[in-house]
Structures are given as C-alpha cells and as structure tokens.
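Spelled out from the first residue to the last, the chains are:
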Amino acid sequence: MKDYVFFPITEPSLIPNLLNDLSYQLQQLDFPQRVEYEPIADCLQDDFPNVNWKEISLKFDQLGEIAVVKLDSTSVPDSFRQRVGELILSRYPRLKTVLNKRDIIEGTERVYPTEHLAGEKIWGSWHQEYGVFIFVDLKRAYFNPRLAEEHHRVAMSGIQGEKILDLFTGVGPFALHCAKRFSCNVTAIDINPFAIKALQKSIARNKLQGDIHPIIGDSQRILRLRNYFDRIIINLPQKSINFLPYATKLLKKGGIVTFYQFISKSMNPIEDIRKLVKTKLGKVNSYKELYIKVGREISPSKLQMNIDLQID
Ligand SMILES: C[S@@+](CC[C@H](N)C(=O)[O-])C[C@H]1O[C@@H](n2cnc3c(N)ncnc32)[C@H](O)[C@@H]1O
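Here is what the cut-offs are and how they apply
Residues numbered from 1 in each chain as written. Predicted model: local features only at pLDDT ≥ 70, side-chain atom pairs only at ≥ 80, totals over all residues. Heavy atoms only, no water. Domains from an automatic or database assignment. Contact = heavy atoms within 4.5 Å. Buried area = accessible area lost by both parts, 1.4 Å probe. Salt bridge = Lys/Arg side-chain N within 4 Å of Asp/Glu carboxyl O. Near = heavy atom within 4 Å. Polar contact = N/O pair within 3.5 Å; in protein donor to acceptor, adjacent residues only side chain to side chain. Areas by Shrake-Rupley, 256 points an atom, 1.4 Å probe, with all protein chains shown as cover. Nonpolar A, V, L, I, M, F, W, Y, C, P; charged D, E, K, R; others polar.

J.: Describe the domain arrangement of the chain, and please don't skip the residues or the numbers.
T.: We note that the domain assignment places domain 1 (40-126) and domain 2 (144-311) within the chain. One C-alpha centre belongs to domain 1, the other to domain 2; they are set 30 Å apart. With 7 residues of domain 1 at the interface, the matching set in domain 2 holds 9 residues. Approximately 740 Å² of surface area, both sides summed, lies buried where domain 1 meets domain 2, with 62% of it carried by carbon and sulfur atoms. Of all residues in domain 1, the largest losses of buried area upon contact with domain 2 belong to Asp 61, Arg 110 and Trp 126, amounting jointly to 61% of the total for that side. In this structure, the connection of domain 1 to domain 2 is made through 1 salt bridge. Between Arg 146 and Asp 61 there is a salt bridge, with the nearest N and O atoms lying 3.2 Å from each other.

J.: Can you lay out the site of the ligand for me, pointing to particular residues and giving the numbers?
T.: Taken together, 21 residues surround the ligand, and among them Phe 168, Asp 190, Asp 218, Ser 219 and Asn 235 come closest. Asp 190 has a polar side-chain atom sitting 2.6 Å from an oxygen atom of the ligand. A distance of 3.1 Å separates a nitrogen atom of the ligand from a polar backbone atom of Ile 191. In isolation the ligand has 600 Å² of accessible area, and contact with the protein removes 97% of it. Classifying every residue of the shell around the ligand by side-chain character gives 8 nonpolar, 9 polar and 4 charged. When residues are assigned to domains, the shell around the ligand turns out to be shared by domain 1 (40-126) and domain 2 (144-311), each giving three or more.

Given below as structure tokens:
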C-alpha cells in the first residue's frame, strides 16, 4: 500500500477509458469518519472565560513529533498554558510533546529556552523538510522550521561538484539539503557540539549524494583555506554581515555567498541592506547581487533579509 497514490473516485465505470494503458487497481476502502473538533480557542474560552483567547496566538510549529507554541507567561498563566498543550495533543495524534518557546534567544548557541507543557518529556525528534530528515535537539541546539524554503532554495540552486562552506551550520539543515539534492562537498562548522552530534545522526539517516564534513569549532578561527569554496552560507543573522569580508577570502573568484541578516524595519529595507553590504565589501570586492528578498518578520521592529552575492 505504501507505494501507491490513491485517488478518490465516485464513478468506477469511467476509469478504463480515462487511464487507457496505465496500470491501476480499484479498491473499496473504508475511512474513519473525520472528527469535527470545536476550535481550540472556543474550548479554552469555556474553561477560562476571563481570558480573551481570540487575542492570543495559538499557532504552533511542528518539528517532527514536537509542537512548539509561543505563549507569553505573563499574559497566559501556568494552568492555562498547560491546557493549551493538552488540547493540541488531543487533536494531533502524531504529536508526542508540546513545548512553549520562552523569551528571546540568547547566547552563542542560539538555543531558545523552552517549557514543557504536555505529553512526553522529549526535546529530540526527526523533522522532515522536502524529503530531508533532520534530527532536532531543541534543548541543546538551534533549529527553525520556518527556514525550510530557504534551505530548499539554496540546495536547488547548487551545481554538481561544488565545494560548500556552511559557517554556522547548527544541526545542518543547509548542508543536508544540499548533500541530499546533488553531489557536493560540504564543510559544516558549528561551535555547539550538540548541534554537530545531531547533524552526524542526520548524515547517517539520509541517503546523501554529497559528502558532509561536520566540524566542531569557531568558524572564525579554524579555516586557513584561501580561494577554495564555490559557495559559502552564513546564517548568524544578528551579525552575518560582519563575516562577509572573511568569507570572500575563502571563496573562489565568481563564488557565491548566501547570507541572512536582521535589519531594522524601514520604508526600504532592501536599500538599507544594500548600503550595509557596500560598507563591508565595496572597497575590496566587486560583486553582483543574484538574489535579495525581505524574509520573515523577527519582531515588530526587525526583519530578516535573505541575500545571494556573486563575488569577483
Ligand atoms: C542562527 S543558528 C543557524 C543554524 C543553521 N544554519 C540553521 O539554519 O538552522 C547559528 C548557529 O551558529 C553557531 N555559532 C555561533 N557562533 C559561532 C562561531 N563563532 N563559530 C561556529 N558556530 C557558531 C551557533 O551554535 C548556532 O548553531
């Protein structure tokens, strides 16, 4: 059953004409009736009538078997938050755990503090993006599923045989997407040993076309290579821009640097980031902008910019 695609039909007699020589099977299957749940916000309103649940975001990210919500502990007290966790678990049987993302991310490793709300006490899980398995360890290493499209975009623009450097690889989503899609050689560095341990697990789990060399260390210190890489990925968005001059030294002529940078919201964030890039690179390198996008909103005052530059 696993390798079949099922199409629901109501008129089996039309199928032979429609599919001609294509092989198919007709099957009668009984599906469990779909349960129509009352919206979570309505259930919560019944349980806690003094809270305006419609004003509180109950959206969550799903990372494998873990759901991650973001509930402010000052406006949503303990017992309320736990109830949110229990309700989410009861609706989504594939989930095992609900965690709450607390506060802002701090520290070099960029791990966000989490609070366990419901289900099993697990922080590690297999997450899937575009057919790539990524082991996430939310207690000890950074991962953000909202970057999935970027991981995929970068991998789709790669060329066979490329040498890639992922300077702040975390649990390795960029490295894994690239090595899954095409034959390449990826050096993946992170200062957090737990992130690299998770990446090693993912390397073992995926059938990769390319090679990934995971390294634990400070990416500013351990590389002595010059003009070596075809592409460099810099995803440390508080300060990626500061690494541009360093990265361009490691890059071959005509190589590409992909980077992510936070920037204050303004009328024209694209022009703002272009000016910043110019201050970092303008005097030394000539470069061409291949891709620029206003990415996700980080806070009411901050955006992430996604950029590819070709460096000559
Ligand atoms: C924002 S996360 C990005 C992770 C990954 N690229 C991703 O997209 O999921 C930044 C990562 O940089 C790592 N990091 C911070 N400073 C570092 C340094 N000096 N050298 C190597 N890694 C560093 C952190 O441990 C963290 O995993």
